[in-house]
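Letter by letter, the chains look like this.
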Amino acid sequence: MTSFTEENYLKIIYKLAAETTEGVSTNAVAELTQTKAASVTDMLRKLSDKQLVNYQKYQGVRLTSHGEQVALSVIRKHRLWEVFLVDKLGFNWDEVHDIAEQLEHIDSEELVQRLDSFLGFPKYDPHGDPIPDGQGKMPEATYKHLAEINVGEKVLMMGVSEHSSSFLQHLAKVGLNLGSEINILEINEFDKSFSIKIGESSASFLSHEVAKNILVKLLNN
């Protein structure tokens with residue numbers, strides 16, 4: 001049995017491990033958990049004792065197969081609950097993360113299976129993040145960041161890599177949502193900001209910082 005805190009650590013380690021080929025550093029975990037490095041080390045030792053991680057001082061931490069299974073289970077629940085909150089209860093996509101953080105720790109596989117079935121076995125959550133299936137397998141998706149797209153190309157918005165409420169609210173004000181068709185009109189040479197057209201609307205402007213956190217797929221190819 002894993003505690004809420006242990007599950008959160010495993011989820012964070014899983015996220016950080018996807019960004020490196022080496023062991024995840026204690027400092028990286030401390031930064032995301034907003035916890036002192038010494039406290040993180042204590043937790044990693046506990047997780048190691050439970051055979052959920054492989055941890056060696058100065059060499060970082062890696063999830064064991066069992067630890068990865070637990071992390072994917074938590075991620076699966078979190079993203080399914082986000083779909084439920086948006087699609088069935090009418091929450092906005094910037095409102096659901098904190099609620100899903102609470103619901104993701106419910107320990108009932110039967111409930112999760114029924115929720116998945118009730119929602120029609122969704123592959124992606126409201127932010128475009130893939131939802132692991134019951135065996136922990138992620139649907140494959142090869143998206144680009146909008147900041148990588150060239151002038152004249154058309155893309156479809158598929159997700160975001162930044163999930164803060166302020167970022168999602170900004171996108172909503174601009175008129176960008178999942179499925180939005182974006183035409184790249186101009187890229188400013190000085191600050192790399194984008195002039196875009198969303199569907200048939202008039203031109204809008206996006207900073208480079210915003211563009212690099214929007215996931216898209218090309219429509220031209």
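Residues numbered from 1 in each chain as written. Predicted model: local features only at pLDDT ≥ 70, side-chain atom pairs only at ≥ 80, totals over all residues. Heavy atoms only, no water.

Focus: the overall build of the protein
In terms of helices and strands, the protein carries 8 helices and 8 strands. A principal-axis box enclosing the C-alpha atoms of the protein has dimensions of 55 × 40 × 30 Å. Counting over 221 residues, the protein shows a buried share of 39%. For the protein, the accessible area works out to roughly 12,700 Å², and carbon and sulfur atoms hold 48% of it. Looking at the protein, you have 22 positive and 32 negative side-chain charges, and the mean spots of the two groups are 3 Å apart. (Helix = DSSP H or I, 4+ residues; strand = E, 2+ residues; numbered from the N terminus. Buried < 20%, exposed > 50% of the residue type's maximum accessible area, 1.4 Å probe, protein only. Areas by Shrake-Rupley, 256 points an atom, 1.4 Å probe, with all protein chains shown as cover. Lys, Arg positive; Asp, Glu negative; His and termini not counted. Charge placed at Lys NZ, Arg CZ, Asp CG, Glu CD.)

Describing the pattern of salt bridges
Going through the model one piece at a time under the given rule, you end up with 7 salt bridges. Between Arg76 and Asp116 there is a salt bridge; the shortest N-O distance is 3.1 Å. Placement of Arg76 in helix 4 (residues 65-87) and of Asp116 in helix 6 (residues 109-118) is noted, with a sequence separation of 40 residues between them. Through salt bridges with shared partners, one network takes in Lys11, Glu101 and Glu104. (Salt bridge = Lys/Arg side-chain N within 4 Å of Asp/Glu carboxyl O.)

Some thoughts on the packing of aromatic side chains
Within this structure, the stated rule accounts for 2 aromatic pairs. Between Trp81 and Phe84 the ring centres are 5.7 Å apart and the planes differ by 85 degrees, which places this aromatic pair in the edge-to-face class. Here Phe84 and Trp81 lie together in helix 4, a separation of 3 residues that amounts to about one turn. Aromatic pair Phe84 and Phe118: ring centres 6.4 Å apart, planes at 55 degrees, arrangement tilted. Taken as a pair, Phe84 in helix 4 and Phe118 in helix 6 lie far apart in primary sequence, 34 residues in all. (Phe/Tyr/Trp six-rings, centres within 6.5 Å; stacked < 30°, edge-to-face > 60°.)

Comments concerning the pairing of strand 1 (residues 53-56)
Here strand 1 shows one buried face, formed by Val53 and Tyr55, and one open face, formed by Asn54 and Gln56. Following strand 1, the chain reverses through 3 residues before pairing antiparallel with strand 2 (residues 60-63); Tyr58 in that reversal takes a positive phi of roughly 70 degrees. (Pairing = 2+ DSSP bridges.)

Remarks on the nonpolar core
Within soluble globular proteins, side chains that are nonpolar tend to cluster in buried spots. Counting 21 residues, the largest nonpolar core has Leu146, Met157, Leu171, Leu176, Ile196, Leu206 and Ile214 as the members making the most contacts within it. For this core, the elements supplying multiple residues, two or more each, are strand 4 (154-160), helix 7 (165-174), strand 5 (181-187), strand 6 (194-198), helix 8 (208-211) and strand 8 (214-218). When residues of this core are assigned to their parent elements, the largest contribution, 4 residues, is made by helix 7. When near neighbours in sequence (up to four residues on either side) are disregarded, Leu206 contacts Leu146, Val174, Leu176, Ser193, Phe194, Ile196 and Ile214. If you look at the next biggest cluster of nonpolar residues, it comprises 19 residues, including Ile13, Ala30, Leu44 and Leu52. (Core = buried A, V, L, I, M, F, W, Y, C linked by side-chain atoms within 4.5 Å. Contact = heavy atoms within 4.5 Å.)

Here's the deal with the packing of helix 2 (residues 26-33) against helix 3 (residues 37-49)
Across the interface, helix 2 lies against helix 3 with an axial gap of 9 Å and an inter-helix angle of 105 degrees. Our classification of the angle between helix 2 and helix 3 gives roughly perpendicular. Along the contact surface, helix 2 presents Thr26, Asn27, Val29, Ala30 and Thr33, while helix 3 presents Ala37, Val40, Thr41 and Leu44. By residue class, the composition of the contact of helix 2 with helix 3 is 5 nonpolar, 4 polar and no charged. (Axes fitted to C-alpha atoms, helices over the stretch in contact; angles between N-to-C directions. Parallel < 35°, antiparallel > 145°, perpendicular 65-115°, else oblique. Nonpolar A, V, L, I, M, F, W, Y, C, P; charged D, E, K, R; others polar.)

Considerations on the environment of Lys11
The topology assignment puts Lys11 in helix 1 (residues 4-17). Sequence separation of Lys11 and Phe205 is 194 residues, and the distance between their C-alpha atoms is 35 Å. The residues touching Lys11, leaving out its near neighbours within four places in the chain, are Ala71, Val74, Ile75, His78, Glu101 and Glu104. Side chain to side chain, Lys11 and Glu101 meet in a polar contact 2.7 Å long. (Polar contact = N/O pair within 3.5 Å; in protein donor to acceptor, adjacent residues only side chain to side chain.)

Some thoughts on the sheet that holds strand 4
Spatial strand order, 3-8-4-5-6-7: 6 strands in an open sheet with antiparallel pairing. Each edge of the open sheet carries a strand with a single partner, namely strand 3 (144-145) and strand 7 (203-206). The pairing of strand 4 with strand 8 spans 5 bridges and is classified as antiparallel. Residue pairing across strands places Gly159 opposite Leu215, the latter belonging to strand 8. Of the strands in this sheet, strand 4, strand 6, strand 7 and strand 8 touch helix 7, which is tilted by about 150 degrees from strand 4.

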